[in-house]
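# Topology and contacts: notes
Single-letter residue listing:
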Amino acid sequence: MSEFDSQSFWGERWAAGRLGFHRSEVHPVLLNDGERFLDDGPHRVLVPLCGKSWDVPWLADQGHTVTGVEIVRQAIDDLFAEHDLEPRVEQRDGFEVHTAERIEVWCADFLALPEDVGPFTRVWDRAAIVAVLPEQRGDYVEQLRRLAPGATLWLTSIDYDPGIMDGPPFAVPHAEIEARFANDELKRLQRVDLAQDPTTRWAKLGHRRFEITLWSMRLLAGRPSNRVSVFPT
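A few points on the structure. (Residues numbered from 1 in each chain as written. Predicted model: local features only at pLDDT ≥ 70, side-chain atom pairs only at ≥ 80, totals over all residues. Heavy atoms only, no water.)

## So, the pattern of salt bridges
Opposite charge on two side chains makes pairing possible when the charged atoms of those side chains draw close. Under the defined criterion, the tally for this structure stands at 14 salt bridges. A salt bridge links D40 to R122; the shortest N-O distance between them is 3.1 Å. A residue pair is termed long-range when its members are at least 10 positions apart, and D40 in the loop between α2 (28-37) and β1 (44-47) and R122 in strand β6 (residues 122-125) qualify at 82 residues. One salt bridge connects R218 with E185, and the closest N-O pair in it is separated by 2.9 Å. With R218 in strand β9 (residues 210-218) and E185 in the loop between α6 (174-180) and β8 (187-193), this pair connects stretches of sequence that are 33 residues apart. What emerges from the salt-bridge pattern is a single network uniting D39, D40 and R122. (Salt bridge = Lys/Arg side-chain N within 4 Å of Asp/Glu carboxyl O. Helix = DSSP H or I, 4+ residues; strand = E, 2+ residues; numbered from the N terminus.)

Structure below.
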């Protein structure tokens, strides 16, 4: 696992068009429950590992200021091109930042993002934590706390038998989410097991359990759970 090169891996997937993780529509959670997530806006919304997600321009269209972070330049180019946006590109803190209207996307490793990019009042993690290396997951969570102290975070985790596949997406056990965010007013909003439908790709891969869970929490800076040490850092 330590030899995994995130930038090369994702760059190769984008170059080959292997984008099974990409959704060419706004996520239904935002469409159905967006008012609950974004209730008292407008907000500064952080979207880690955003790819070319349609969620980014949708959030901006609702009147919010959106900051995406994506390590693959092609994904950023596609995001703006597919929505007929012509971004201004500039250098900030050694990173390329692409800006158009109420959207900015940093071409960067999320863990290297400078703290002064924040603060944010909302964080939308559609599938970011499951793409982060397990040994970097603790750093990912602490970076969220630095960038968005006090923010409401909606996060999607995936839990499955890691003996079936290695990931990404990586399995993030429910117990780990509960430990890492134990002090953050954690709530489980939705859970669905895709392996129960034999027609899904996950069932066909041999999964007997492939649970996707949507969590809500309020990030409290400086208050990590004291149980996190039982998981990879």
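## Considerations on the nonpolar core
Within soluble globular proteins, side chains that are nonpolar tend to cluster in buried spots. L46, V123, Y140, L144, L153, L155 and F181 are the most contacted members of the largest nonpolar core, which totals 36 residues. Every residue in contact with L155, bar those within four places of it in the chain, is listed here: D125, I129, I177, F181, T213, L214, W215 and M217. Grouped together as the second largest cluster of nonpolar side chains are 24 residues, V26, W58, L85 and L214 included. (Core = buried A, V, L, I, M, F, W, Y, C linked by side-chain atoms within 4.5 Å. Buried < 20%, exposed > 50% of the residue type's maximum accessible area, 1.4 Å probe, protein only. Contact = heavy atoms within 4.5 Å.)

## Let's talk about the layout of surface pockets
In this structure, the second largest pocket occupies an estimated 220 Å³ of space. Together, R36, F37, D39, R122, T152, W154, E185, K187, L189, S216, M217 and R218 line the second largest pocket. Taken together, the residues of the lining of the second largest pocket sort by class into four nonpolar, two polar and six charged. (1 Å grid on protein atoms, 1.4 Å probe; cavity = no way out; pocket = protein on both sides within 12 Å on 5 of 7 lines; lining within 4 Å. Points joined across faces, edges and corners; volume = space filled by probe spheres on them. Nonpolar A, V, L, I, M, F, W, Y, C, P; charged D, E, K, R; others polar.)

## Some words on unusual backbone geometry
With omega at 10°, the peptide bond leading from G41 into P42 counts as cis. Tracing the sequence through the fold places P42 in the loop between α2 and β1. Residue P169 is reached from P168 by a cis peptide bond, and omega for that bond is 0°. Among the structural elements, P169 can be located in the loop between β7 (152-160) and α6. A positive phi angle is found at L49, which is not glycine, with a value near 50°. A residue is classified by how much of its surface remains accessible, and L49, at 33% relative accessible area, is partly exposed. With a phi close to 55°, E185 is a non-glycine residue in the positive phi region.

## Considerations on the sheet that holds β6
The strand order across the open sheet formed by nine strands is β3-β4-β5-β2-β1-β6-β7-β9-β8, and the pairing between neighbours is mixed. Each edge of the open sheet carries a strand with a single partner, namely β3 (88-92) and β8. Across this sheet, the average inter-strand angle for adjacent strands is 20°, counted without regard to direction. The sheet contact formed by β1 and β6 spans two bridges and is parallel. Among the inter-strand pairings, V45 is bridged to a residue of β6, identified as R122. (Pairing = 2+ DSSP bridges. Axes fitted to C-alpha atoms, helices over the stretch in contact; angles between N-to-C directions.)

It is worth stressing that arrangement in space is one thing and function is another; only the former is reported here.
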